[in-house]
Structures are given as structure tokens and as C-alpha cells.
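Letter by letter, the chains look like this.
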Amino acid sequence: AVTSPALKAAYHFRPPNNWINDPNGPLYYKGYYHLFYQYNPKDAVWGNIVWAHSVSKDLINWIALKPAIEPSKPFDQYGCWSGSATILLDGTPAILYTGIIAKNDTDPNNILWTQVQNVAYPKNLSDPFLEEWDKPDYNPVIPIGPGVNGTAFRDPTTAWYSPEDKHWRVVVGSKWDLKGQALLYRSKDFKKWVKASHTLHATRGTGMWECPDFYPVSVKGLLGLDTSVKGKGVKHVLKVSLDLDRYEYYTIGTYDITRDRYTPDGTSKDNKHGLRYDYGNFYASKTFYDPEKKRRILWGWANETDTVPEDKNKRWAGVQLIPRTVWLDPSGKQLLQWPVEELNSLRGKQVSVTSKKVKPGDHLEVGGIQTAQADVEVTFDVSSLSNAEPFDPKYMYDAQAFCKIKGADVKGGVGPFGLYVLATADLQEKTAVFFRVFKSEDKHVVLMCNDPTQSTLAPSLAENKYKPTFAGYVDVDLTKSSSISLKTLLDHSVVESFGAGGKTVISSRVYPTLAQGDNARLFIFNNGAVDIKVTKLDAWELKKPLMNIGA
Ligand code: FRU
């Protein structure tokens, strides 16, 4: 039952079949958004990796094109791995990607892939679809140099340009022993790249830095910046995907252009590695600057959390989460994220609830629309904080472990309150997305959770094979404003939630056996000891966009 076709994500980006992983080289060109992604043309498991390619006018409706970059040359014959696009000074898009030049599989548990960086250019600049790509024979443009670990050397970023010295700069992810590294290269012509004598940034004990991303954010306002912007009124963000724990971390900091070094601010840490874009299933993300709407857009990949035989049987695996606009919170301490506004074009039938009290132990159904494929926005008002449970500082850097013991059914003081989504009428199956407020010495701590422990009755998953509870803290002061918002996007097997206007985001994959299609229900619940008020709830059915039907 887990493999039911009813669980196919409808509006999250994916090809009709097969395996996908990282989003690659997003770019905007001549009226079209382009998304490339790691794709196995033959199976629903990782392997045979090419750059699949789709285009869209609105980031929501997608047309599938043929793969843009496939293994064909000595410099990429074993795979075309992740990379990024850069728009050059004359408007030409260039792609830098990782080519696999050798494979040592003597140890099947630890296959060693030898990696170099290649460039590719569109063959026909007047084609807005950029269907044909040329990989010049002078590749690789960044071979493995001295002091570089050639089996941990991949995922080049978008390059940035300094008019002062007329050089492009790019970062390639790497490690040396367990020290994660952002290797820095410079080039005048995008062809000959010279390694800087030091890294842009490196951190001991973090392991391989996959899919680094480095970009400027404006200290004020929502507008995004082109990757080359630097100077006054600008902070920089460095994000890495840690192979070690399969989570991503970012810091906000300062880019010193004269020393060519990035230094994270001390403020951006809620655990030892930094902050998270998403405290759930979200990896290998990448941003790009959208010159059309002057915003920076973030794409991230969510893998399946069912079993490999189930993926093979259903013949697809992985989605890209809804592209999100990212900008700096006015506090300067974290980023904010929100689904691109174009998503609203899918909204259909709507229901609303206003000014509704939810008593301790209550759950109220929000009926009238189907909610297996829906957008839910709700604002809660918590007026009485005196009942908040005491916070255990031991969990200060581990919200996830905290939520594991403080799940949706564990009665609390202020909360848990929130939504049951993809739920059956009798709540046998349900995924809970909720808040819970704690009192610590000088302030209140707000925990946001995604509890999937009762999301499915499928025997293959019921015994908690891999149904991780996900959680993050929300940096709000409920004594100043007693309201807190939640937006949850539901797409059959995808639950993507934005807390407090995009301060804390959690995505997860769930596989209900009964709570599918019209049987998937939505509830508001409160398992705390005090009343909670729903100031306003709006829920919309979302239509199915054009999703990677052929050109
Ligand atoms: C991250 C990653 C990248 C690599 C690609 C291969 O998910 O491992 O480091 O380039 O996937 O598909």
C-alpha cells in the first residue's frame, strides 16, 4: 500500500519516473527559468548520473527537455555530478560541474570516484531553452592539483566577479582528513583557474563539504543580490551540505575581499555547525539570483524515506521542494524563507476558520476541501504563557532529540498545538506539525516539530524503520506578540512547513496507507493545558501544474 500511486507528489518538481537528487545550475535566461538536476535515466535508485533539464516560465509549470550534460568524454565518463551556473559579463550562461574520471570499486562499501571540474556552454545562445550544451575539449578546467584530495573534490558554486582585479572566483567543496573545506579558485577567462593558497573557509571535524553555496544578502529588505555584489550593506552566506550527518548548515558572515576569506558571525549558531535552512528532509540545496523579480531563490532536494524496494516498485524517488525566496531577517541573525509567490497560482477551492478557541485535548476538523494537495495558513494566539513547561537546557542544541521525547501526543503546558495533516478520520494515521512553548530562565523557548511517528500503518514502515521526528527552535518572543503563524504545504507524501513567517522550516516525507486522496483529513489540535486560539486559518486546494511533460 505504501507504493500507492496516490502518494505521487503532484506539484513538487519531479520527473515522471526514476531517481533524482541535487538541484543543479538553476538560472534565468530569456524569459525562462532553467532547472537541471542529478538524474538516473534508468532506475529509481542513485546511479548513471546525468544533468536532466527542465524549463519554466513561472517556477511551477515545467517542461522536460532532454538531458543537458551526459557522460561522453574522458573528463566525465563515469558521471556528471553537481555544479552551478554563472551568467558571464556578456550574458552568456556557463555551467561548472563535477566530472568523474575514474572509479575504484574494489571496496563496494566505499567506492572512490575521482573528480575534476568542467565547464560547459550553450551551443545556441538564441535558443531560450538552451537545449544543446558543449563541453570544450580543454576540460577539465580545474584538474586535481597538489594538496587536493581528488576523491573529495566536487560541486563548484556559482562564480562571482571582482571588477577590481578582473577575476572570477569559485569555490569547490572538499575535505582534508575530517576538515571540511571550501577550496577557492580564481580565473580571468573562466578557462584557466588558479588555486588560491588558502581556503575561503574551512572547519575541523565537519567532513566532506558537499554542494557549498556562497552568496551575498542585503542587510535590509527582501530583495536578492546578484552573486557578485559585495561591499556596504551586504552580508554573505556560506552553506555546506555535510556528508557526515546528511544535513545542511549555513552561517551568516563577512567576506573580506582583500584577504579573500569568509568569517562567520558568532551569532549564527544554534548548534555546533550553524543554522539550518530546513530542519527536516532537505539536502544539496542551491540558490540563484532571479534578475526578473530581483530575488534570491533556494532549491533543495527531499529524498524518499520509504524503502529502496518500494522506490523500485513505484519507479520514482525524490522531489525538489518548492523553490523559496530567501532573505536576511532584520535581526541579521538568520535567513527567512517563503515559497515563491507563483505557487499561489495553483490555489483553488478555499475554506477559512476565524477566531476559534481550541481547548486542551481538543481536535477540530477543517472540512470542506480535499487536503492531500493543499496549502494551509494558520495563525495561533497563545495568551497564557504561565503554564509553559520548564525548558531543559540539555536540548539547547538538539531540538530534534527534544521533540522525540516531547511528541505530539505528550501532553504539555502551552502546546503541543498545531495541525494534524494527512490524517484519517479516526487519527489512526496522522502527521503532526506543531509548536510547543517552554520557559527557560530569562525567556520562552518555542519548539517547532514534525512528528511522523503515526504517519503510516504500512507494515514496512510502521515499526519506525526510518520515520525521523524533525524539529527546530523558533526565534520569536511571545511576550511581545502572542501570535505565531504556520504555513504547511501538503502534497500526498510531502509535508513542507514554514513557522513564524519562514523563520523555521521543516520538510518531511510520509507514506500514509489510508489517509490518501479524499480520505486525507486536516485537523487543528491542542494537547496543552491551556486554551489556544486560532485567529485565522485559510486552506486552499492546490491544482496540479504542468509537471515535466515532454516539450
Ligand atoms: C550530494 C552529492 C554531491 C554529488 C552528487 C552526486 O547529494 O553527493 O556531492 O556531486 O550528489 O550525484
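From a predicted model like this one, the values you see are computed outputs, not experimental measurements.

Trainee: Would you mind going over the domain arrangement of the protein in detail, with residue names and values included?
Mentor: How large an interface is tends to be reported as the accessible area lost when its parts come together. With domains assigned, the protein is organised as domain 1 (5-339) and domain 2 (342-542). Opposite the 42 residues of domain 1 that make contact, domain 2 presents 38 residues. Both sides together, the interface formed by domain 1 and domain 2 hides about 3500 Å², and carbon and sulfur atoms give 57% of it. Our count for the domain 1 to domain 2 interface comes out at five salt bridges. D475 is the salt-bridge partner of K333, the closest N and O atoms lying 3.5 Å from each other. Run the count over domain 1 and domain 2 and you get 23 residue pairs in polar contact (both at pLDDT 80 or more). For the side of domain 1 that touches domain 2, the leading source of residues is strand β24 (residues 335-339), giving five residues. Each residue belonging to the side of domain 1 that touches domain 2 can be placed in one class, and the counts come to 19 nonpolar, ten polar and 13 charged.

Trainee: Describe in detail unusual backbone geometry, supporting the description with residues and values.
Mentor: Here N139 and P140 are connected by a cis peptide whose omega angle stands at -5°. Within the secondary structure layout, P140 lies in the loop between β8 (133-134) and β9 (153-154). That bond from G415 to P416 is cis: its omega, 10°, falls within 30 degrees of zero. Within the secondary structure layout, P416 lies in strand β29 (residues 414-423). Although it is not a glycine, L422 adopts a positive phi angle of roughly 45°. Among the structural elements, L422 can be located in strand β29.

Trainee: Describe in detail the side chain of T227, supporting the description with residues and values.
Mentor: Along the chain, T227 falls in the loop between β15 (209-218) and β16 (234-242). Judged by its relative accessible area of 10%, T227 falls in the buried class. At 3.0 Å, the side chain of T227 and the side chain of R296 are in polar contact. Residue contacts for T227: discarding those within four places in its chain leaves T158, A159, W160, F214, P216 and R296.

Trainee: Now, about the sheet that holds strand β34 (residues 494-499): what can you tell me, with residues and values included?
Mentor: Pairing is antiparallel in the open sheet, where six strands are placed in the order β25-β37-β27-β33-β34-β35. Edge positions in the sheet fall to β25 (347-358) and β35 (504-509), since each of these pairs with one other strand and no more. For this sheet, the mean inter-axis angle between neighbouring strands, taken without regard to orientation, is 10°. Pairing of β34 with β35, which is carried by six bridges, proceeds in the antiparallel orientation. Following the sheet pairing, S497 is matched in β35 by I506.

Trainee: Residues and numbers for the site of the ligand, please.
Mentor: Taken together, N21, D22, Q38, W46, W81, S82, R154, D155, E210 and Y283 make up the full set of residues near the ligand. Interatomic distance of 2.8 Å between a side-chain N/O atom of R154 and an oxygen atom of the ligand. Take D155: an N or O atom from its side chain is 2.6 Å from an oxygen atom of the ligand. Protein burial of the ligand: of its 320 Å² of free accessible surface, 93% is covered by the chains. Among the secondary structure elements, those contributing two or more residues to the shell around the ligand are β1 (18-29) and β5 (80-87).

Definitions and cut-offs
Residues numbered from 1 in each chain as written. Predicted model: local features only at pLDDT ≥ 70, side-chain atom pairs only at ≥ 80, totals over all residues. Heavy atoms only, no water. Domains from an automatic or database assignment. Contact = heavy atoms within 4.5 Å. Buried area = accessible area lost by both parts, 1.4 Å probe. Salt bridge = Lys/Arg side-chain N within 4 Å of Asp/Glu carboxyl O. Polar contact = N/O pair within 3.5 Å; in protein donor to acceptor, adjacent residues only side chain to side chain. Helix = DSSP H or I, 4+ residues; strand = E, 2+ residues; numbered from the N terminus. Nonpolar A, V, L, I, M, F, W, Y, C, P; charged D, E, K, R; others polar. Buried < 20%, exposed > 50% of the residue type's maximum accessible area, 1.4 Å probe, protein only. Pairing = 2+ DSSP bridges. Axes fitted to C-alpha atoms, helices over the stretch in contact; angles between N-to-C directions. Near = heavy atom within 4 Å. Areas by Shrake-Rupley, 256 points an atom, 1.4 Å probe, with all protein chains shown as cover.

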